[in-house]
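What the coordinates show
These are the residues of each chain, in order.
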Amino acid sequence: MGHLQLVNLSKRFNDVTAVDNVNLEVNDGEFVVMVGPSGCGKSTTLRMIAGLESISDGDLLLNTTKLNDVHSSERNMAMVFQSYALYPHMSVYENIAFGMKVRKTPKHEIKEKVMQAAKILQLEPLLDRKPKELSGGQNQRVALGRAIVRDPEVFLMDEPLSNLDAKLRTHMRTEIKELQRKLNATMVYVTHDQVEAMTMGDKIVVMNQGQVQQIGSPIDLYNKPMNRFVGEFIGSPPMNFIEGTVVEENEELRLKLEQYSILLSKERGIPLRKYIGKALLMGMRAEDIYIAEENETVVYEFPVINVEVLGGESLIFFHMNNKTWIAKLYGQYLFANGDKIKLKLQPSKIQLFDKETEQRLADEFQLNH
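Here is a short report on the structure shown in this document. Keep in mind the model is a prediction, meaning the values are calculated, not measured. (Residues numbered from 1 in each chain as written. Predicted model: local features only at pLDDT ≥ 70, side-chain atom pairs only at ≥ 80, totals over all residues. Heavy atoms only, no water.)

Residues Leu144, Ile176, Tyr189 and Ile234 are the most contacted members of the largest nonpolar core, which totals 45 residues. Top contributing element to this core by residue count: helix 4 (residues 136-148), with five residues. Not counting residues up to four positions away in its chain, the partners in contact with Tyr189 are Phe31, Val32, Val33, Met34, Met157, Pro160, Leu161, Ile176, Glu196 and Met200. By size, the runner-up hydrophobic cluster in this structure holds 32 residues, among which are Tyr275, Ile316, Phe318 and Met320. (Core = buried A, V, L, I, M, F, W, Y, C linked by side-chain atoms within 4.5 Å. Buried < 20%, exposed > 50% of the residue type's maximum accessible area, 1.4 Å probe, protein only. Helix = DSSP H or I, 4+ residues; strand = E, 2+ residues; numbered from the N terminus. Contact = heavy atoms within 4.5 Å.)

This part takes up the sheet that holds strand 14 (residues 279-284). A sheet is described by the order of its strands in space; here five strands give the open sequence 13-12-11-14-20, paired in antiparallel fashion. Edge positions in the sheet fall to strand 13 (261-265) and strand 20 (351-354), since each of these pairs with one other strand and no more. Ignoring strand direction, the axes of neighbouring strands in this sheet form an average angle of 45°. The pairing of strand 12 (residues 252-256) with strand 13 spans four bridges and is classified as antiparallel. Considered in strand 13, the bridge of Leu253 is made with Ser265. (Pairing = 2+ DSSP bridges. Axes fitted to C-alpha atoms, helices over the stretch in contact; angles between N-to-C directions.)

What follows concerns the environment of Leu24. When you line up the elements, Leu24 lands in strand 2 (residues 16-26). When the C-alpha positions of Leu24 and Thr65 are compared, they lie 15 Å apart, and in sequence the two are 41 residues distant. Not counting chain neighbours up to four residues away, the residues in contact with Leu24 comprise Leu4, Gln5, Leu6, Val32, Lys203, Val205 and Ile215.

Attention now goes to the pattern of salt bridges. A full pass over the atoms with the stated rule returns 18 salt bridges. Glu53 is the salt-bridge partner of Lys11, the closest N and O atoms lying 3.9 Å from each other. Residue Lys11 is located in strand 1 (residues 4-13), and its partner Glu53 is located in the loop between helix 1 (42-50) and strand 4 (57-62); the two are separated by 42 residues in the primary sequence. Look at Lys11 and you get buried, because its relative accessible area is 6%. (Salt bridge = Lys/Arg side-chain N within 4 Å of Asp/Glu carboxyl O.)

Our focus in this paragraph is the packing of aromatic side chains. Overall, the coordinates contain nine aromatic pairs when judged by the stated rule. Centre to centre, the rings of Phe302 and Phe318 are 4.8 Å apart; their planes meet at 35°, and the pair counts as tilted. Of the two residues, Phe302 is situated in strand 16 (residues 300-310) and Phe318 in strand 17 (residues 313-320); the sequence distance between them amounts to 16 residues. Neither Phe302 nor Phe318 differs from the other in exposure class; each is buried. Taken together, the aromatic side chains of Tyr260, Tyr300, Phe302, Phe318 and Trp325 make up a single cluster linked through ring pairs. Against the face of Phe13 rests Lys11, its NZ or CZ located 4.9 Å from the ring centre. Positioned above the aromatic ring of Tyr222, the side-chain terminus of Arg285 is 4.0 Å from the ring centre. (Phe/Tyr/Trp six-rings, centres within 6.5 Å; stacked < 30°, edge-to-face > 60°. Lys NZ or Arg CZ within 6 Å of the ring centre and 35° of its normal.)

Cis rather than trans, the peptide bond between Ser236 and Pro237 has omega equal to 0°. Position of Pro237 relative to the elements: it lies in the loop between helix 8 (228-233) and strand 11 (240-249). For Asn14, which is not glycine, the phi dihedral falls at a positive 55°. Structurally, the position occupied by Asn14 is in the loop between strand 1 and strand 2. We classify Asn14 as exposed; its relative accessible area is 76%. Phi is positive for Asn21, close to 60°, though the residue is something other than glycine. Within the element layout of this structure, Asn21 appears in strand 2.

Laid out in structure tokens, this is it:
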């Protein structure tokens, strides 16, 4: 399969820089997901890899071969589009076989490859049907089959599940990931859905405004977001943030807010002391906030503004310094608007970020190690 490298890759449309100096390595057999909000440059990057957009600056290499000026039809890549791009007048068999027919592949080889792909994708009973006779998930499998028979070195997927309903998206996520493992395929997958990214990718590339914000495993991005954008974009609900000033009170380091004083550490001599008197951003995941037990000493009381009960868990919306925070609690809680709730914020779960740059502080300034 394929080993893909993007080296300082950029794309400009007149005076607008859509993709800015992207560096990325996709290893052989790796499932890489590019994720970010609409307009962040992820689909443009994918189209440059596919050869559907020209490269303004930088290099694209596949197995060390430079592809900048290689036509899309000669890159040995297969792309699956959001719209499926199936021919409505052709049967499933004909849609899967079409590319091979154009390349004048022998008929016996076409049949062998189509039947093999149909078996993998459980399309054998549907080969004589037209796309309009299929469900959205079945059409998506046909589009995948058309890609499989090409034996590409790299599969490229541009938001392939966005037209499906929520239940079918969940099912297709599993199918695509299982297919990738079965084929040991190199895949680059673009989505705006961070849940897709977290559940499917071996490696995630988070983009915003044309630039890569962070590259890493789902767990790394979730536990150690490099900046505020990644912390808020990766995770559902997003990471909570609030601004405060580091102070020392009674030999304890605290983050001083307008109405609260949040304990950061009771340790003396830690590197964080260099930030005393400076403003920082404090971030915390919703599931790292707990209902305080009666014997707890370090607890905070907050006013509840809303509760969403999601079956076995509840989202508690509360105000901290007039900022809305969310706690994700296991169990069913029925607090009323205005109720006071006592919560525990563990210092070991707090993440700290520079207020000006919004970059996460280096590990030696964190409190959880």
